[in-house]
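The lines below spell out each chain.
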Amino acid sequence: MKEENTITAIVPFFNEEQTLDESVQRLISSGIFNQIILSDDSSSDKSAGIAKKIVTQNKNVEYICTQKNGGKGYALQNAQTYINSTHVVIHDADLEYYPEDISEMAEVAKQYSKSLILGSRFLGVKKRDNIYLRTNLANKFLSAFFSIVNFYKITDVATCYKLMPSEFFKSIDIKEKGFSIEIEILSKFLRFNKDIKEVPIKYSGRSYEEGKKIKFSDGIFYLINTLKYRFSNF
């Protein structure tokens, strides 16, 4: 009998007291997660208290914290050993993404359980609010560059939503501590199983005034790390 997929959602966060509760409540309301891990990257605001309160009210939610602030990749690395589901997906705490899209990705994963299911903000006609044109164009350029270098078309390398087998995610030695974790995951998955399925998702971008953290320098690191993980054994 085929094993039924179960899903863990990892929520890496740093100083997201304004959005964390609503973001996690969206996950809980979807009802599709067996486990939700709130991975605190040593927040200095009220985020930890908010996360711990959510844990007391929901038996399938866990809170963990890094020993120091290290970046998104560092918070994800800290969660690896806690995963107890067949699949894992990453969900940022900033209200830019919608868990109902993960439900659609999970349906695809039922048919392709060994594939990485990627939520693309550039496929289909779902509602997307992109505040910064330069960011939108940069994402398209970075995705095209990644596709050319890896001989494998990906429309949205910078997307948060990647649903993947836990077997893969728990086995990789995560090197990137910051946003380049997105490139590292995709690059390493293409070595694990060269099969990535893309599903259209919604998107509601936030402004830098609202707490958006990714910077121009992160785009440069995306380019460098695309080459690094393509032509090295990291």
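Shown above is the structure to which this text applies.
Residues numbered from 1 in each chain as written. Predicted model: local features only at pLDDT ≥ 70, side-chain atom pairs only at ≥ 80, totals over all residues. Heavy atoms only, no water.

Which residues make up the overall build of the protein, and what are the values?
When its secondary structure is counted, the protein shows eight helices and nine strands. Here the C-alpha atoms of the protein give a radius of gyration of 17 Å, agreeing with the 17 Å that 2.2 N^0.38 yields for 234 residues. Dimensions along the principal axes, computed over C-alpha positions, put the protein at roughly 50 × 45 × 35 Å. Counting every position in the protein, which comprises 234 residues, the buried fraction comes to 52%. Put simply, 82% of the contacts in the protein that link residues at least 6 apart link residues at least 24 apart. (Helix = DSSP H or I, 4+ residues; strand = E, 2+ residues; numbered from the N terminus. Rg over C-alpha atoms; globule rule 2.2 N^0.38 Å. Buried < 20%, exposed > 50% of the residue type's maximum accessible area, 1.4 Å probe, protein only. Contact = heavy atoms within 4.5 Å.)

Could you give an account of the pattern of salt bridges, with specific residues and numbers?
Counted by the stated rule, this structure contains 13 salt bridges. The network of salt bridges with shared partners includes Lys72, Asp92, Lys162 and Glu182. (Salt bridge = Lys/Arg side-chain N within 4 Å of Asp/Glu carboxyl O.)

Just give me the short version of unusual backbone geometry, but keep the residues and values in it.
Comment: phi is negative for the bulk of residues other than glycine, and the bulk of peptide bonds are trans. One non-glycine residue with positive phi stands out, namely Asn15, at about 50°. Within the fold, Asn15 resides in the loop between strand E1 (7-13) and helix H1 (20-30). Non-glycine residue Ser42 carries a positive phi angle of around 60°. Its location among the elements puts Ser42 in the loop between strand E2 (35-40) and helix H2 (47-57).

Help me get a handle on helix H3 (residues 72-79), residues and values and all.
Among the eight residues in H3, six count as buried, and that is most of the element. On the buried face of H3, the contacting elements are E1, E2, strand E3 (61-65), strand E4 (87-90), helix H6 (166-171) and helix H7 (181-192).

An account of the sheet that holds E4 is requested, with residue identities and associated values reported.
The mixed open sheet is built from seven strands, whose spatial order is E3-E2-E1-E4-E7-E5-E8. Looking at which strands have only one partner, the edges of the open sheet turn out to be E3 and strand E8 (196-200). Each strand of the sheet is rotated relative to its neighbour by a mean of 20°, with strand direction disregarded. Strand direction decides the pairing type here: strand E5 (residues 116-120) and strand E7 (residues 162-165), joined by two bridges, are antiparallel. Bridge pairing in E7 links Ile117 to Leu163. The strands that H1 touches are E1, E2 and E3; relative to E1, the one it contacts most, it runs at about 175°. Against the sheet, H2 engages E1, E2 and E3, with an angle of about 150° to E3. (Pairing = 2+ DSSP bridges. Axes fitted to C-alpha atoms, helices over the stretch in contact; angles between N-to-C directions.)

Mind laying out the side chain of Asn139, listing which residues take part and the relevant values?
Structurally, Asn139 can be placed in helix H5 (residues 133-150). When residues no more than four places from it in sequence are discounted, the contact partners of Asn139 are Arg121, Phe122 and Ala158.

Give a description of H1 that names residues and reports values.
Those residues of H1 lying buried are Leu20, Ser23, Val24 and Leu27. All buried residues of H1 lie within an arc of 90° about the axis, which places them on one face of the element. Gly31 sits one or two positions beyond H1 and adopts a positive phi of about 70°. (Arc of directions from axis to C-beta.)

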